[in-house]
Amino acid sequence: MQLGIFTIGDVTQDPTTGETPSENERIKATVAIARKAEEVGMDVFAMGQHHNPPFVAPANPPILMAHLAAQTEKIQLGTATTLITTTDPVRIAEDYSYVQHLADGRVDLTLGRGNTGPVYPWFGKDIRQGIPLAVENYQLLYRLWREQSVNYSGRFRTPLQGFTATPRPLDDVPPFVWHGSIRSPEIPEQAAFYGDGFFHNNIFWNKEHTERMVDFYRQRYEYYGHGSYDQAIVGLGGQVFMAKNSQDAMRTFRPYFDNAPVYGHGPSLEDFTEQTPLTVGSPQQVIERTLSFRGYAGDYQRQLFLVDHAGLPLKTVLEQMDILGEEVVPVLRKEFDAARPAHVPEAPTHESLVARHAAGKNPIPGGGPDSQAAKDRAQQAEAAQRDHENAK
């Protein structure tokens, strides 16, 4: 189980002091949080991509990833998310390959459509085409990382003739891709088609919704022949705030929750924590709640926590990470790993992907010859041939 932190980089006023960090302060704080994540023994630090206030998450995440790669040694650097709809696939292919080399392979990315509608016209795209953009752009990105001299023509960008993206991926193995979605089934379908991972941010929705999304992805992953239902690669998000006892945690976090730009001025803190995975309480409560995710998501591979949102000062965030590192993460790692059956894979790393590539076991998009998808295609072809012969 990979355990880590993800950030959306919001610049939000601290409701208890009235102070708002400058963009410079928030950017430097993000770097401090990433370094702290490695210091306390976490496996992953992931950053969002935004192009608008009140966020300073990088508009081009590889810039921050490269900076962090130079200041860390072990932690995996990821995104949450990379905007596949409004970022040109050629740019993604080249930028993420470049930072993959700088980070010695400690890079992966989560592709998504984001949560800011106006970003589409800012980059000349139509929000009504969000799903087709996500599908087509990834088709091209997938090829750019695996083929040279690519010829391409599609709906949403100019054609390519004999184009080779540089640099080539490290060890000829692209960064692992997670496909992130809160509600659209087309995205877990896409993840399953390619044999990639599926990430559900697991923040705003009840567990029944998350369970349906993950279950659909697992079914389709097996259908395309990439592994059994329980071998699909799943990641979840979550939000936590902790104190030694739950009363102190609720009292301290309440003003931040009540005024948060994302969920403030809506349901009460009590209702929100009951109906969503947000956990505000003691470290033991966070452990128990997080372990319960396995009950509706199955044995999954990555758990990321959001801890630096809603105007929380850096000092408080770093204290939260100390608690995670000292009291929560070691227990979660032990319990999750003990519960995971031997045939369920761990989260992919560059090393494991290189070994898979060397063994010739890379996933086949759409399913290999022994997959249910291939059998269904053969049956459809036979039926079409019979119809054609009967029509003569």
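Conventions and cut-offs
- Residues numbered from 1 in each chain as written.
- Predicted model: local features only at pLDDT ≥ 70, side-chain atom pairs only at ≥ 80, totals over all residues.
- Heavy atoms only, no water.
- Helix = DSSP H or I, 4+ residues; strand = E, 2+ residues; numbered from the N terminus.
- Rg over C-alpha atoms; globule rule 2.2 N^0.38 Å.
- Buried < 20%, exposed > 50% of the residue type's maximum accessible area, 1.4 Å probe, protein only.
- Areas by Shrake-Rupley, 256 points an atom, 1.4 Å probe, with all protein chains shown as cover.
- Lys, Arg positive; Asp, Glu negative; His and termini not counted.
- Charge placed at Lys NZ, Arg CZ, Asp CG, Glu CD.
- Domains from an automatic or database assignment.
- Buried area = accessible area lost by both parts, 1.4 Å probe.
- Salt bridge = Lys/Arg side-chain N within 4 Å of Asp/Glu carboxyl O.
- 1 Å grid on protein atoms, 1.4 Å probe; cavity = no way out; pocket = protein on both sides within 12 Å on 5 of 7 lines; lining within 4 Å.
- Points joined across faces, edges and corners; volume = space filled by probe spheres on them.
- Nonpolar A, V, L, I, M, F, W, Y, C, P; charged D, E, K, R; others polar.
- Expected span 1.5 Å × (residues − 1).
- Polar contact = N/O pair within 3.5 Å; in protein donor to acceptor, adjacent residues only side chain to side chain.
- Contact = heavy atoms within 4.5 Å.
- Pairing = 2+ DSSP bridges.
- Right-handed = clockwise from strand over helix to strand, strands pointing away.

In the nomenclature of an unreviewed UniProt entry, the protein corresponds to Putative luciferase-like monooxygenase, FMN-dependent, CE1758 family from the organism Kocuria marina subsp. indica.

J.: Describe the overall build of the protein, and please don't skip the residues or the numbers.
T.: Within the protein, the regular secondary structure consists of 14 helices and 13 strands. Computed over C-alpha atoms, the radius of gyration of the protein comes to 22 Å, within 12% of the 21 Å expected from 2.2 N^0.38 for 392 residues, which places it in the range of a compact globule. Each principal axis of the C-alpha atoms in the protein carries an extent, and together these give about 80 × 40 × 40 Å. Looking at the protein as a whole, 53% of its 392 residues are labelled buried. With the model as given, the accessible surface of the protein reaches about 17,500 Å², and the carbon-plus-sulfur share is 50%. When the 36 positive and 48 negative side-chain charges of the protein are each reduced to one mean point, those points stand 3 Å apart.

J.: Outline the domain arrangement of the protein, listing residues and values.
T.: When its domains are assigned, the protein resolves into domain 1 (2-361) and domain 2 (363-391). On a C-alpha basis, the centres of domain 1 and domain 2 stand 36 Å from each other. Across the domain 1/domain 2 interface, buried area totals approximately 750 Å², and carbon plus sulfur atoms make up 63% of it. For the pair domain 1 and domain 2, the interface holds 0 salt bridges.

J.: Help me get a handle on the layout of surface pockets, residues and values and all.
T.: Within this model, the second largest pocket holds a volume of roughly 540 Å³. Around the second largest pocket, the lining is made up of 24 residues, and of these Y221, H226, R356, K361 and P363 lie nearest the centre. Counting residues per element, the lining of the second largest pocket draws most heavily on helix α13 (residues 350-358), which supplies 3 residues. Partitioning the lining of the second largest pocket into residue classes produces 11 nonpolar, 9 polar and 4 charged. For the lining of the second largest pocket, the domains that each give at least three residues are domain 1 (2-361) and domain 2 (363-391).

J.: Could you give me a rundown of helix α3 (residues 89-102), with the residues and numbers involved?
T.: Because an α-helix completes one turn every 3.6 residues, residues spaced three or four positions apart along the sequence face the same direction. Between its first and last C-alpha atoms α3 spans 20 Å; for 14 residues at 1.5 Å apiece the expected length is 20 Å, and the two agree. Taken together, the buried positions of α3 are P89, V90, I92, A93, D95, Y96, S97, V99 and Q100. Capping the start of α3 is the job of one residue whose side-chain oxygen sits 2.8 Å from the backbone nitrogen of V90: D88. With its phi angle positive at about 55°, D104 sits one or two positions after the end of α3.

J.: Quick rundown of the side chain of T110? Include the residues and the values.
T.: Within the secondary structure layout, T110 lies in strand β5 (residues 108-112). Residue T110 is classed as buried on the basis of its relative accessible area of 4%. Among residues more than four places away in sequence, those in contact with T110 are T79, T81, T82, W178, H179, G180 and F199.

J.: Before we move on, can you summarise the pairing of β5 with the specific residues and values?
T.: In summary, the side chains of a regular strand alternate between the two faces of the sheet. In terms of residue burial, β5 counts as a mostly covered element, since 5 of its 5 residues are buried. Side chains of β5 alternate between two faces, with D108, T110 and G112 and L109 and L111 buried alike. Pairing analysis gives 2 bridges linking strand β4 (residues 82-83) to β5, with the strands arranged parallel. Its bridge partner lying in β5, L83 is registered against G112. Handedness of the crossover joining β4 and β5 through α3: right-handed. Pairing between β5 and strand β8 (residues 176-180): 4 bridges, direction parallel. Note that in β8 the partner of D108 across the bridge is F176.

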